[in-house]
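Chain and residue survey
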Amino acid sequence: MAGELSAEQVAHVARLARLELSPEESERFAGQLSTILEHVEVVRRLDTTDVPPTSHALDLRNVLRADELRPCLAREDVLAAAPDAEDGRFKVPRILGEAL
Amino acid sequence: MSGSADVAPVASARALAARVRAGELSAVEVLESALGEIERRDGELHCFNLVTADRARSAAAEIDRKVAAGEDPGPLAGVPVALKDNLCTRDVPTTCSSRILEGWKPPYDATVVGRLAAAGAVSVGKTNLDEFAMGSSTESSAFGPTRNPWDLGRVPGGSSGGSAAAVAAGFVPLALGSDTGGSIRQPAALCGVVGVKPTYGVVSRYGLVAFASSLDQIGPFATTVGDAAALLEVIGGHDAMDSTSLALSAPRCSEVLDDGVEGLRVGVIADFLDDASLDCAGAVRAAAEVLAAAGAKVEDVAIPELLHGLSAYYLIAPAEASSNLARYDGVRFGLRVDGPDVEAMNARTRAAGFGPEVKRRIMLGTYVLSAGYYDAYYGQAQRVRTLVARAFARAYGQFDVLLAPTTPSVAFPIGAKTADPLEMYLADLYTIPSNLAGHPAMSVPFALGDSGLPVGVQVLAPALGEREMFRAAAVLEAGAAPEARAPVTGGAR
């Protein structure tokens, strides 16, 4: 599977990651990611039959706090850090297309 | 005792705190000495992204007031500390050395920041790091590299390079870093200071900007093993604000520092000695002799599975990072670059705000999590993570602690590895396995290696094995070459 990543694959992944890449960056990443994937290929050849995956080093489950009201961050403090805000909310550019 | 050399923060943190607590030395005096050194030399070293002199002066004055009033100023009273700039500080810019967070002021303090203040420590500023802690040299910082105080042409290591160099330069006796794959231990080794990655869950991650959440852990930098133990006692212990925080108090390591290693079973990880440079491998052999002479039972152990850790890590960490860094989308904080619709705004913001290493890891992580590749790469890496943990468990059936090099070589020249990401990643080969398993490990300055640069030796322990780890570290410190240890006083050498 290793092999060189295609320009289409890089473009697809960049879209998924919401990253606008220059043609020069796309080309460089195609080569570098292929090199890295080739190096880690050894992992895919190891025998892991009946080996469960580890997603976390601790065996913790469902850590919950008591369901009690307690203070949280003030809305204005949080919105103060936003690039744009209006009427107590985060403001973003249009989400839906022209056909609204 | 008096005189400026005496109040310089290169003194032991515990000694400084004792004198401040006793009223023999004022916190303001200690702070001004630190700020003066930073002012004089940090232009060259670039340890700090930001020096918070005014806030520090207020905090130090408050410590002195408490001492004068007979109130308890805390165990680290008046000790200047530096904070890695991925730790949230309320109303103080926190950048992660990234353009995307430039100017962002968090609305809250990280738990460790609050605990340091409560203990009387005085934060002097935020230290440089590889962008979002992704790197092993501090060169991926958007604000330029930090230089190694031992040799200004070399890297301090990374990602916590600014914190390591700030301690090595004698600016502060203590600093905090974060360690996801070696980001405390590797720069500690390259700068000749002590660096500790605690057991996962011992130190709260609340307010640590997330990189790879299942691996990240905050820990101390110090000039001595004892100071590192004292700092861990202040920052460790359960925190309800972090659901992965262990329901335990901080490990009490200060009380075992004089216990020695009589009868301690020490395994030398033989697999790590083959590819390490001769000076780094030789330091481990010499360290093993020091422990054996002190009564430890030292033997070589083969744990070949650990060498697969690097490959598993470079699938798992980017995968987690690609998810964690999705939050930098130009909506809630930091940079925004406008676009005709929200998706274009997201993509342009991220293109302008992230540097090449962060983009590379986001791309890699997104790829290995994408449909068709998830199980082959990410799922398989998680199974290999289990193999690493099992291999450690086998070794810890025979041994109390393990000994290894911290790094494959001494500090490398600035620019030497920036063209080849894979070459840079290999700098973490010996530190990554402990993160995958969630175990504690620390680097102790032990010898001088190639080009007269410091070499660190790494002590590894099983989960919650901090006390045994510190016992071994204390004996190694006593047996180390004294010239291998920072601080570097009176300027770079």
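The rules behind the values
- Residues numbered from 1 in each chain as written.
- Chains lettered and ligands numbered in written order.
- Predicted model: local features only at pLDDT ≥ 70, side-chain atom pairs only at ≥ 80, totals over all residues.
- Heavy atoms only, no water.
- Buried < 20%, exposed > 50% of the residue type's maximum accessible area, 1.4 Å probe, protein only.
- Helix = DSSP H or I, 4+ residues; strand = E, 2+ residues; numbered from the N terminus.
- Pairing = 2+ DSSP bridges.
- Right-handed = clockwise from strand over helix to strand, strands pointing away.
- Axes fitted to C-alpha atoms, helices over the stretch in contact; angles between N-to-C directions.
- Core = buried A, V, L, I, M, F, W, Y, C linked by side-chain atoms within 4.5 Å.
- Contact = heavy atoms within 4.5 Å.
- Domains from an automatic or database assignment.
- Buried area = accessible area lost by both parts, 1.4 Å probe.
- Salt bridge = Lys/Arg side-chain N within 4 Å of Asp/Glu carboxyl O.
- Polar contact = N/O pair within 3.5 Å; in protein donor to acceptor, adjacent residues only side chain to side chain.
- Left-handed = near helix turned anticlockwise from the far one by under 90°.
- Nonpolar A, V, L, I, M, F, W, Y, C, P; charged D, E, K, R; others polar.
- Phe/Tyr/Trp six-rings, centres within 6.5 Å; stacked < 30°, edge-to-face > 60°.
- Lys NZ or Arg CZ within 6 Å of the ring centre and 35° of its normal.
- Expected span 1.5 Å × (residues − 1).
- Bend = angle between axes of the 7 residues up to and from the residue.

1. What to know about the pairing of strand β7 (residues 265–269) of chain B
Residues and elements named next belong to chain B. Within β7, 4 of the 5 residues are buried, which leaves the element mostly enclosed by the surrounding structure. Summarising the sheet, β7 and strand β8 (residues 297–301) pair through 5 bridges and their orientation is parallel. Bridged to R265 within β8 is K297. Read as a crossover between parallel neighbours, the route from β7 over helix α9 (residues 278–293) to β8 is right-handed. In the sheet, β7 pairs with strand β9 (residues 401–405) via 3 bridges, with the strands oriented parallel. If you follow V266 over to β9, its bridge partner there is V401.

2. Thoughts on the sheet that holds strand β6 (residues 218–222) of chain B
Residue and element names in this part refer to chain B. Spatially, the 11 strands line up as an open sheet ordered β1-β3-β2-β4-β6-β5-β10-β11-β9-β7-β8, and their pairing is mixed. The open sheet has two free edges, formed respectively by β1 (48–51) and β8, since each of these has just one partner strand. The sheet shows a mean angle of 25° between the axes of neighbouring strands, direction not considered. Bridge analysis of strand β5 (residues 194–197) against strand β10 (residues 441–448) gives 3 bridges, and the strand direction is antiparallel. The residue bridging K197 from the neighbouring strand is A441, located in β10.

3. Let's talk about the nonpolar core
Residues and elements named next belong to chain B. Within the largest apolar cluster, 175 residues are counted, with the highest numbers of intra-cluster contacts made by L116, F132, I235, L402, L403, M442 and F470. Not counting residues up to four positions away in its chain, the partners in contact with M442 are R185, V194, G195, V196, V225, V457, Q458, V459, M469, F470 and A473. Counting 6 residues, the second largest nonpolar core, distinct from the first, contains V155, A189, A411 and F412.

4. Observations regarding unusual backbone geometry
Geometrically, the link from G158(B) to S159(B) is a cis peptide bond, its omega value of 15° lying close to zero. Its location among the elements puts S159(B) in the loop between β3 (122–127) and α6 (161–168). Even without glycine at this site, D50(A) takes up a positive phi of about 65°. Summarising the element assignment, D50(A) is placed in the loop between α2 (23–45) and α3 (75–79). D50(A) gets classed as exposed once you look at its relative accessible area, which sits at 74%. Of note in this structure, A133(B) is not a glycine but carries a positive phi near 70°. Here A133(B) shows up in the loop between β3 and α6.

5. Structural notes on the domain arrangement of chain B
All names here are of chain B. Domain boundaries assigned for chain B yield domain 1 (10–306 + 384–489) and domain 2 (309–375). The straight-line distance from the C-alpha centre of domain 1 to that of domain 2 is 28 Å. Counting residues at the interface gives 31 residues for domain 1 and 26 residues for domain 2. Summed over both sides, the interface of domain 1 with domain 2 buries roughly 2,400 Å², with 68% coming from carbon and sulfur. Per-residue buried area on domain 1 facing domain 2 is highest for I100, M134 and Y425; these three make up 30% of the total on that side. Across the contact surface, domain 1 and domain 2 share 0 salt bridges.

6. Quick look at the pattern of salt bridges
All names here are of chain B. Tallying each qualifying case throughout the model produces 32 salt bridges over all chains. Close ionic contact of R65 with E62 constitutes a salt bridge, the shortest N to O distance being 3.0 Å. Of this pair, R65 and E62 both sit in helix α4 (residues 53–69), 3 residues apart, roughly one helical turn. Judged by its relative accessible area of 33%, E62 falls in the partly exposed class. Notably, a salt bridge pairs E102 with R99, separated by 3.1 Å at the nearest N-O pair.

7. Some thoughts on the interface of chain B and chain A
Taken residue by residue, the interface counts 65 residues in chain B and 53 residues in chain A. Broken down residue by residue, the surface that chain B buries against chain A is led by M363(B), Y367(B) and Y377(B), which jointly contribute 12%. For the pair chain B and chain A, the number of links is 5 salt bridges. One salt bridge connects R15(A) with E343(B), and the closest N-O pair in it is separated by 2.4 Å.

8. Some remarks on the side chain of T224(B)
Residue and element names in this part refer to chain B. Tracing the chain through its elements places T224 in the loop between β6 and α8 (225–235). At 3.0 Å, the side chain of T224 forms a polar contact with the backbone nitrogen of D227. Among all residues touching T224, those that are not within four sequence positions of it are R14, V194, E477 and R485.

9. Considerations on the environment of L278(B)
Residue and element names in this part refer to chain B. Relative to the helices and strands, L278 is located in helix α9. Judged by relative accessible area, which is 79%, L278 ranks as exposed. When the C-alpha positions of L278 and G449 are compared, they lie 8.7 Å apart, and in sequence the two are 171 residues distant.

10. With respect to the packing of α2(A) against helix α10 (residues 309–324) of chain B
Viewed as axis vectors pointing N to C, α2(A) and α10(B) meet at an angle of 115°, and their least axial separation amounts to 8 Å. Here α2(A) runs over α10(B); the crossing is left-handed. Between α2(A), through L37(A), H39(A), V40(A), V42(A) and V43(A), and α10(B), the contact on the second element is made entirely by L310(B), S311(B), A312(B), Y314(B) and L315(B). Among the residues forming the contact of α2(A) with α10(B), the class breakdown is 8 nonpolar, 2 polar and no charged.

11. Points about the packing of aromatic side chains
In this structure the tally under the stated criterion is 15 aromatic pairs over all chains. Between the NZ or CZ atom of R44(A) and the centre of the ring of Y377(B), over which it lies, the distance is 4.9 Å. Over the face of the ring belonging to F412(B) we find K417(B), whose NZ or CZ atom lies 4.5 Å from the ring centre.

12. Considerations on α2(A)
The terminal C-alpha atoms of α2(A) lie 33 Å apart, and with 23 residues this matches the ideal 33 Å at 1.5 Å per residue to within 8%. At H39(A), α2(A) shows its maximal bend, which comes to roughly 35°. E25(A), F29(A), A30(A), Q32(A), L33(A), S34(A), I36(A), L37(A), V40(A), E41(A) and V43(A) are the residues of α2(A) that are buried. Buried residues in α2(A) make contact with α1 (7–16) of chain A together with α10, α12 (356–369), α13 (374–396) and α14 (421–425) of chain B.

13. What to know about the environment of V194(B)
Residue position: V194(B) is located in strand β5. When the C-alpha atoms of V194(B) and G236(B) are compared, they prove to be 17 Å apart, with 42 residues separating the residues in sequence.

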